[in-house]
Amino acid sequence: MAFGLTEPNHGSDATWLETRAVRDGSDWVISGAKRWNSVVDVAEVDLVFARTGGEDGKASGITAFLVPTGAPGFEVPFYWWTFNMPTDHAEVRLNDVCVPASAVVGEVGRGLDCAQLFVHENRIRQAASSLGAAQFCVDRSVQYTDERRLFGGRMRDYQGIQWQLVELQTEAELVRNTLYKTAWEMDVRGRTAVSDKVAMVNVRGNRLACDAADRAMQIHGGVGYSRHYPFEYIYRHHRRYRITEGSDELQYRRIAAAMWDFGSSRRSTAP
Ligand SMILES: Cc1cc2nc3c(=O)[nH]c(=O)nc-3n(C[C@H](O)[C@H](O)[C@H](O)COP(=O)(O)OP(=O)(O)OC[C@H]3O[C@@H](n4cnc5c(N)ncnc54)[C@H](O)[C@@H]3O)c2cc1C
């Protein structure tokens, strides 16, 4: 397994999807690249989006394909090093990879429907995961301040310590309630409904996990920074949630779309 530590190739300056698939009889031939293919090292197929029609930069005309990772022309030149160390997040190149028509996920030209459903569900999953991690950091910190003695007293007796954890506990309670309500609304109104609320819990939940892990490291002092405790790992792992299923800024964009009622035609031009 190769790991990339050189300056990454940022690709071309195009701001649209460049990977393309063209028909060859009943098959499709895919050429291009896909960055950040998580767990592709153990995957039998990779979900690849390619333009099959329509105009560059437009949502329609993009198709989703399930591409076998063993197909001729499917290459993994390297795996990315990240804040979370060497990873299983691969760079993938597709050199005239041929797949049958049955590899299409959903409808030809409507691949973004598939992407939207996936990220939508994963955004609330991320939020729940982050909330759990944050609560763990708070609970372990409360326990530690009960035990740790400083300057002749218990650490928990200092209001400066209490209030840091009180703020995090309050935020966790607020995120938890909005998250439960949002999940209930998704059950009742449909899986892609309330995307603005999903965006809200995603942003606040993921930020809370990072804040709580950072605070837990501080409260535990040197051992908190060590790898004998889980806080530094929680920080590294959840920090990426603020980028991956749509960055914080993209979640804001989703909330703004609901506030100002940007329709699908205007959404593509919303800042
Ligand atoms: C560890 C890791 C694992 C990943 N795994 C996968 C995977 O398995 N599958 C997959 O498909 N992808 C995966 N990704 C890719 C991930 O989805 C993208 O990195 C993410 O969507 C951000 O896109 P980008 O990197 O192109 O950043 P860009 O889109 O270039 O964004 C750069 C910055 O600009 C900001 N920005 C963009 N648009 C606006 C705007 N309109 N207003 C204000 N600010 C804006 C963004 O918020 C961000 O801060 C992974 C990424 C990482 C880091």
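From a predicted model like this one, the values you see are computed outputs, not experimental measurements. All chains use their own residue numbering, which begins from 1 and follows the written sequence. The model is predicted, so local features are restricted to residues of pLDDT at least 70 and side-chain atom pairs to those at 80 or more, both for listing and for counting; the totals for chains, interfaces and linings are taken over all residues. Excluded from the side-chain calculation are hydrogens and water; included are all heavy atoms of the structure.

A. Spatial organisation of the site of the ligand. Put simply, a residue is near a molecule or strand once any heavy atom of it comes within 4 Å of that molecule or strand. Taken together, 12 residues surround the ligand, and among them Trp36, Ser38, Thr244, Ser247 and Glu249 come closest. Between the ligand and the protein, one listed contact pairs an oxygen atom with a side-chain N or O atom of Glu249 at 2.7 Å. All accessible-area figures derive from a Shrake-Rupley calculation using a 1.4 Å probe, and residue coverage is judged against the displayed protein chains alone. Relative to its unbound accessible surface of 970 Å², the ligand loses 49% to contact with the protein. Each residue is assigned to one of three groups, with Ala, Val, Leu, Ile, Met, Phe, Trp, Tyr, Cys and Pro labelled nonpolar, Asp, Glu, Lys and Arg labelled charged, and all others, Gly among them, labelled polar. Here the shell around the ligand is built from residues that sort into 4 nonpolar, 4 polar and 4 charged. Here the limits of each domain have been adopted from an automatic or database domain assignment. Domain assignment of the residues forming the shell around the ligand places at least three in each of domain 1 (3–109) and domain 2 (112–260). Pairs of N or O atoms are called polar contacts if they sit within 3.5 Å, as long as, within protein, a hydrogen donor faces a hydrogen acceptor (for residues adjacent in sequence, only side-chain-to-side-chain pairs).

B. Representation of the environment of Cys114 in the model. Secondary structure is summarised from DSSP: a helix means a run of H or I of at least four residues, a strand means a run of E of at least two, and numbering begins at the N terminus for each. Inspection of the secondary structure assignment puts Cys114 in helix H1 (residues 111–147). Residue Cys114 is classed as partly exposed on the basis of its relative accessible area of 22%. Separated by 65 residues in the primary sequence, Cys114 and Phe49 have C-alpha atoms spaced 9.9 Å apart. In what follows, a contact means two residues having at least one pair of non-hydrogen atoms within 4.5 Å. Apart from residues no more than four positions distant in its own chain, Cys114 is found in contact with Leu47, Ala64 and Val105. Buried residues are those whose accessible area, probed at 1.4 Å on protein chains only, stays under 20% of the maximum for their type, while exposed residues exceed 50% and partly exposed ones sit between those limits.

C. Up close: the nonpolar core. Counting 20 residues, the largest nonpolar core has Cys137, Leu168, Leu208 and Ile219 as the members making the most contacts within it. Listed by contribution, the elements that provide at least two residues to this core are H1, helix H2 (159–189), helix H3 (195–225) and helix H4 (231–239). Not counting residues within four places of it along the chain, the set of residues in contact with Ile219 comprises Ser141, Tyr144, Thr145, Met155, Ile161, Gln164 and Leu165. Side-chain atoms within 4.5 Å are what join buried Ala, Val, Leu, Ile, Met, Phe, Trp, Tyr and Cys residues into a set we call a nonpolar core. With 18 residues, the next largest nonpolar core counts Ile30, Ala71, Tyr79 and Val92 among its residues.

D. The arrangement of the layout of surface pockets in detail. Cavity means a closed set of points on a 1 Å grid over the protein atoms alone, one where a 1.4 Å probe fits but cannot get out, pocket means an open set with protein on both sides within 12 Å along at least 5 of 7 lines, and lining means a residue has an atom within 4 Å of a point. Grid points are joined across faces, edges and corners, and a volume is the space filled by probe spheres set on the points. In this structure, the second largest pocket occupies an estimated 150 Å³ of space. The wall of the second largest pocket is formed by Gln164, Glu167, Leu168, Glu171, Arg204, Arg207, Leu208, Asp211 and Arg215. Only H2 and H3 provide two or more residues apiece to the lining of the second largest pocket.

E. Region of interest: the packing of H3 against helix H5 (residues 248–259). The axes are straight lines fitted to the C-alpha atoms, using for helices just the contacting stretch, and the angles between their N-to-C directions are given from 0 to 180°. Following both chains from N to C, one finds H3 and H5 inclined at 150°, their axes separated by 8 Å at the closest point. The orientation of H3 relative to H5 falls into the category roughly antiparallel. Classified by chirality, the crossing of H5 by H3 is left-handed. For the pair formed by H3 and H5, the contact residues are Ser195, Asp196, Ala199, Met200, Asn202, Val203 and Arg207 on the first element and Asp248, Gln251, Tyr252, Arg254, Ile255 and Ala258 on the second. In terms of residue class, the contact of H3 with H5 is made up of 6 nonpolar, 3 polar and 4 charged. Angles below 35 degrees are treated as roughly parallel, those above 145 as roughly antiparallel, those between 65 and 115 as roughly perpendicular, and all remaining angles as oblique. Two helices that cross are described as forming a left-handed crossing if the nearer one is turned anticlockwise from the farther one by less than a right angle, and a right-handed crossing if clockwise.

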